[in-house]
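# Remarks on the overall topology
So the chains spell out like this:
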Amino acid sequence: MFVLAACSSSEAEENNDRDTEGSEKEVVEAESNDELTIYIVRHGKTMLNTTDRVQGWSDAVLTPAGEEVVTQAGIGLKDIDFQNAYSSDSGRAIQTAEIIMEENETSSELDLNTDERFREFNFGTYEGDLNETMWQDIADLQGITLEEFLENLEPETFSNSVAELDEGRDEEGLNWPAEDYDTITARLTEGLDELVEAEQGQEGSGNVLPVSHGLSISALLDTYFDDYEVPEGGLDNASVSVITYQNGEFQLDSVNDMSYVEEGKK
């Protein structure tokens, strides 16, 4: 049985205040659910890419061709108003982000936030070695041919194999050990979740620019989206993959999009 009780004017005012506070809280919560559009860009081609060397936590500057394709991507993205920009703390990602920011004609007072969690996979003692050497070792470990390995390259199997092979190779313990897939995806998802938390409810366009690395972007997308498939040959340099976030849900809008580069060539 419900009892309807009368209240004094002061009590009514207090109730109205509480109702107002509740309404304000609901408004704030609604604002915090604004949509984010996250344009994830892979860095441009580097000198180590050109010499076909393993490049994870090791780093190299962009080649002239790498700078050119990133500039084209930046021109293609120039009309997108980014409220913030992020990159891994690797030089090639920072250089890529800075070029895109320089070409942007819409964003104002855009600063770059670097985050080590958006780094590429760490390949341990294979860093700087020839890619073919590492690939062949992985193929031998899995009991398949090099061709079969390259045709079915999956980030999880790839990274776990490198981590297994790397154990014991650094006898003096001077290097960072190669990362397994769980370690990699844990830092990547933590980084993206914190980015979303920081950008939600911010005044601005809701557009965010993170710059990362080919395998790391694929691992991130693979973690959030069950139907994600790595493009044949991997993500292209300066490609854009777009995800949106709203009401606690991520949606994959595009993968390995080179249309911004094509637009920048015109």
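What you see is a predicted model, and the numbers here were worked out from it, not measured in a lab.

The rules we used
- Residues numbered from 1 in each chain as written.
- Predicted model: local features only at pLDDT ≥ 70, side-chain atom pairs only at ≥ 80, totals over all residues.
- Heavy atoms only, no water.
- Helix = DSSP H or I, 4+ residues; strand = E, 2+ residues; numbered from the N terminus.
- Buried < 20%, exposed > 50% of the residue type's maximum accessible area, 1.4 Å probe, protein only.
- Contact = heavy atoms within 4.5 Å.
- Areas by Shrake-Rupley, 256 points an atom, 1.4 Å probe, with all protein chains shown as cover.
- Pairing = 2+ DSSP bridges.
- Axes fitted to C-alpha atoms, helices over the stretch in contact; angles between N-to-C directions.
- Phe/Tyr/Trp six-rings, centres within 6.5 Å; stacked < 30°, edge-to-face > 60°.
- Lys NZ or Arg CZ within 6 Å of the ring centre and 35° of its normal.
- Polar contact = N/O pair within 3.5 Å; in protein donor to acceptor, adjacent residues only side chain to side chain.
- Expected span 1.5 Å × (residues − 1).
- Core = buried A, V, L, I, M, F, W, Y, C linked by side-chain atoms within 4.5 Å.

## Considerations on the overall build of the protein chain
Scanning the protein chain from N- to C-terminus turns up 10 helices and six strands. For the protein chain, the residues scored as buried account for 43% of the 266 residues in total. The long-range fraction of contacts in the protein chain, counting pairs at least 24 apart against all pairs at least 6 apart in sequence, stands at 74%. Carbon and sulfur atoms make up 44% of the accessible area of the protein chain, which totals about 14400 Å².

## Here we look at the sheet that holds strand E6 (residues 249-257)
Pairing between sheet strands relies on hydrogen bonds along the backbone, with the strands arranged either parallel or antiparallel. Read across the open sheet, the six strands follow the order E3-E2-E4-E1-E5-E6; overall the sheet is mixed. On the outer flanks of this sheet lie strand E3 (112-114) and E6, each paired with one strand and no other. Strand-to-strand twist of the sheet, defined as the mean angle between neighbouring strand axes without regard to direction, takes the value 20°. Sheet topology note: the strand E1 (residues 36-42)/strand E4 (residues 207-212) ladder contains four bridges and is parallel. Across the sheet, arginine 42 pairs through a bridge with serine 212, a residue of E4.

## Some details on the packing of aromatic side chains
Counted by the stated rule, this structure contains nine aromatic pairs. A ring pair is formed by tryptophan 57 and tryptophan 176, whose centres lie 6.0 Å apart and whose planes are at 65°; its orientation type is edge-to-face. Of this pair, tryptophan 57 sits in the loop between helix H2 (47-50) and helix H3 (64-76) while tryptophan 176 sits in the loop between helix H7 (155-166) and helix H8 (181-199); the two residues are 119 residues apart in sequence, bridging distant segments of the chain. Using a relative accessible area of 26% as the deciding quantity, one classes tryptophan 57 as partly exposed. Cluster of aromatic residues (ring-pair linked, three or more members): Phe121, Phe123, Phe149 and Phe158. The cationic tip of arginine 119 hangs over the ring face of tryptophan 57; the distance from NZ or CZ to the ring centre is 4.5 Å.

## As for the environment of serine 88
As for its placement among the helices and strands, serine 88 is situated in the loop between strand E2 (82-87) and helix H4 (91-103). In this structure serine 88 comes out as buried when scored by relative accessible area, which is 0%. For serine 88 and histidine 43, which are 45 residues apart along the polypeptide, the C-alpha to C-alpha distance reads 10.0 Å. For serine 88, the residues in contact, after removing those within four places along its chain, are Ala93, Ile94, Thr114, Asp115, Phe118, Arg119, Val211 and His213. A distance of 3.2 Å separates the side chain of serine 88 from the backbone nitrogen of serine 90, its partner in a polar contact.

## Notes on the pairing of strand E5 (residues 240-246)
Summarising burial for E5: six of the seven residues are buried, a large majority. Summarising the sheet, E1 and E5 pair through six bridges and their orientation is antiparallel. Looking at the pairing, isoleucine 38 lines up with isoleucine 243 of E5. Sheet analysis places E5 next to E6, joined by six bridges and oriented antiparallel. Of the residues in E6, the one forming a bridge with threonine 244 is glutamine 251. The loop that links E5 with its antiparallel partner E6 comprises two residues; one of these, asparagine 247, has a positive phi angle of about 50°.

## Things to note about the environment of glutamate 105
Here glutamate 105 is to be found in the loop between H4 and E3. With a relative accessible area of 61%, glutamate 105 lands in the exposed category. Separated by 31 residues in sequence, glutamate 105 and glycine 74 place their C-alpha atoms 9.7 Å apart. Residues contacting glutamate 105, with those up to four places away along its chain left out, are Lys78 and Asp79.

## Description of H8
The end-to-end C-alpha distance of H8, which contains 19 residues, comes to 27 Å, matching closely the 27 Å that a straight helix rising 1.5 Å per residue would cover. For H8, every residue scored as buried is listed here: Tyr181, Ile184, Thr185, Arg187, Leu188, Thr189, Gly191, Leu192, Leu195, Val196 and Glu199.

## Focus: the nonpolar core
Judged by nonpolar contacts, the single largest core of 34 residues is most densely connected at Ile38, Phe123, Met134, Phe158, Val162, Leu195 and Ile243. Ranked by residues supplied to this core, first place goes to H8 with six residues. Here methionine 134 is in contact with Val54, Phe123, Tyr126, Phe158 and Val162, once residues within four sequence places are set aside. Residues Ala93, Ile99, Val240 and Tyr260 belong to the second largest nonpolar core, which totals 23 residues.

These values are about where atoms sit, not about what they do.
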